[in-house]
Amino acid sequence: MQLSIVIVNYNVKHFLAQCLKSVFAAVKNITAEVLVVDNNSTDGSVEMLRQTEGIVFIENKENTGFAVANNQAIKQAKGKYVLLLNPDTVVAEDTFEKCVCFMDAHAQAGALGVHMI
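Since this is a predicted model, take the numbers as computed values, not measurements.

Some points on the side chain of asparagine 9
Alright, step 1. With respect to the secondary-structure elements, asparagine 9 resides in strand β1 (residues 3–9).
Alright, step 2. Look at asparagine 9 and you get buried, because its relative accessible area is 0%.
Alright, step 3. Side chain to side chain, asparagine 9 and serine 41 meet in a polar contact 3.3 Å long.
Alright, step 4. When near neighbours in sequence (up to four residues on either side) are disregarded, asparagine 9 contacts Leu16, Val37, Asp38, Asn39, Ser41, Ser45 and Pro87.

See below:
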């Protein structure tokens, strides 16, 4: 597994739906998993996530906060690399491939940031 993509959600169902659509398109040429932690949303996010195939869904019964939720998913992540992605993000189809290639080519790199528009 090359990449684990961690997304923490709290009441941003519509942004999250667009984010996941872009993520699924962007992982077609790499081995990846998508872990989504919901922090007790009340906007229908949980129902949507329960019906979403291709994700590891972690449902919190209380809002544990951003850092705790990320750490919950990171503990379950199986990828060589872990990407923390905000749910209001739409990624280009080649973004993850480029990131994995860069990290593979630069073993001394400990982290990578990308140009956001």
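Description of unusual backbone geometry
Most peptide bonds take the trans form, and the phi angle of most residues other than glycine is negative.
Alright, step 1. For asparagine 11, which is not glycine, the phi torsion reads 60° and is therefore positive.
Alright, step 2. Position of asparagine 11 relative to the elements: it lies in the loop between β1 and α1 (13–26).

Considerations on the sheet that holds strand β3 (residues 56–60)
Alright, step 1. Judged by pairing direction, the sheet is parallel, and its four strands sit side by side in the order β3-β2-β1-β4 without closing on themselves. Two strands in the sheet have a free side with no partner beyond their single neighbour: β3 and β4 (81–85). Direction aside, neighbouring strands of the sheet carry axes that sit 20° apart on average.
Alright, step 2. Sheet analysis places strand β2 (residues 32–39) next to β3, joined by five bridges and oriented parallel.

Some words on the environment of valine 82
Alright, step 1. Tracing the backbone shows valine 82 in strand β4.
Alright, step 2. Look past the residues within four positions of valine 82 in its chain and what remains in contact with it is Leu3, Ser4, Val6, Ile74 and Ala77.

Brief notes about helix α3 (residues 66–76)
Alright, step 1. Within the sequence span of α3, burial applies to Ala69, Asn70 and Ala73. When α3 is viewed along its axis, its buried side chains cluster within an angular range of 100° and face the same direction. More than 90 degrees from the buried face of α3, the exposed residues found are Ala67 and Lys75.
Alright, step 2. Those residues of α3 that are buried lie in contact with β1, β2, β3 and β4.

About the cut-offs
- Residues numbered from 1 in each chain as written.
- Predicted model: local features only at pLDDT ≥ 70, side-chain atom pairs only at ≥ 80, totals over all residues.
- Heavy atoms only, no water.
- Helix = DSSP H or I, 4+ residues; strand = E, 2+ residues; numbered from the N terminus.
- Buried < 20%, exposed > 50% of the residue type's maximum accessible area, 1.4 Å probe, protein only.
- Polar contact = N/O pair within 3.5 Å; in protein donor to acceptor, adjacent residues only side chain to side chain.
- Contact = heavy atoms within 4.5 Å.
- Pairing = 2+ DSSP bridges.
- Axes fitted to C-alpha atoms, helices over the stretch in contact; angles between N-to-C directions.
- Arc of directions from axis to C-beta.

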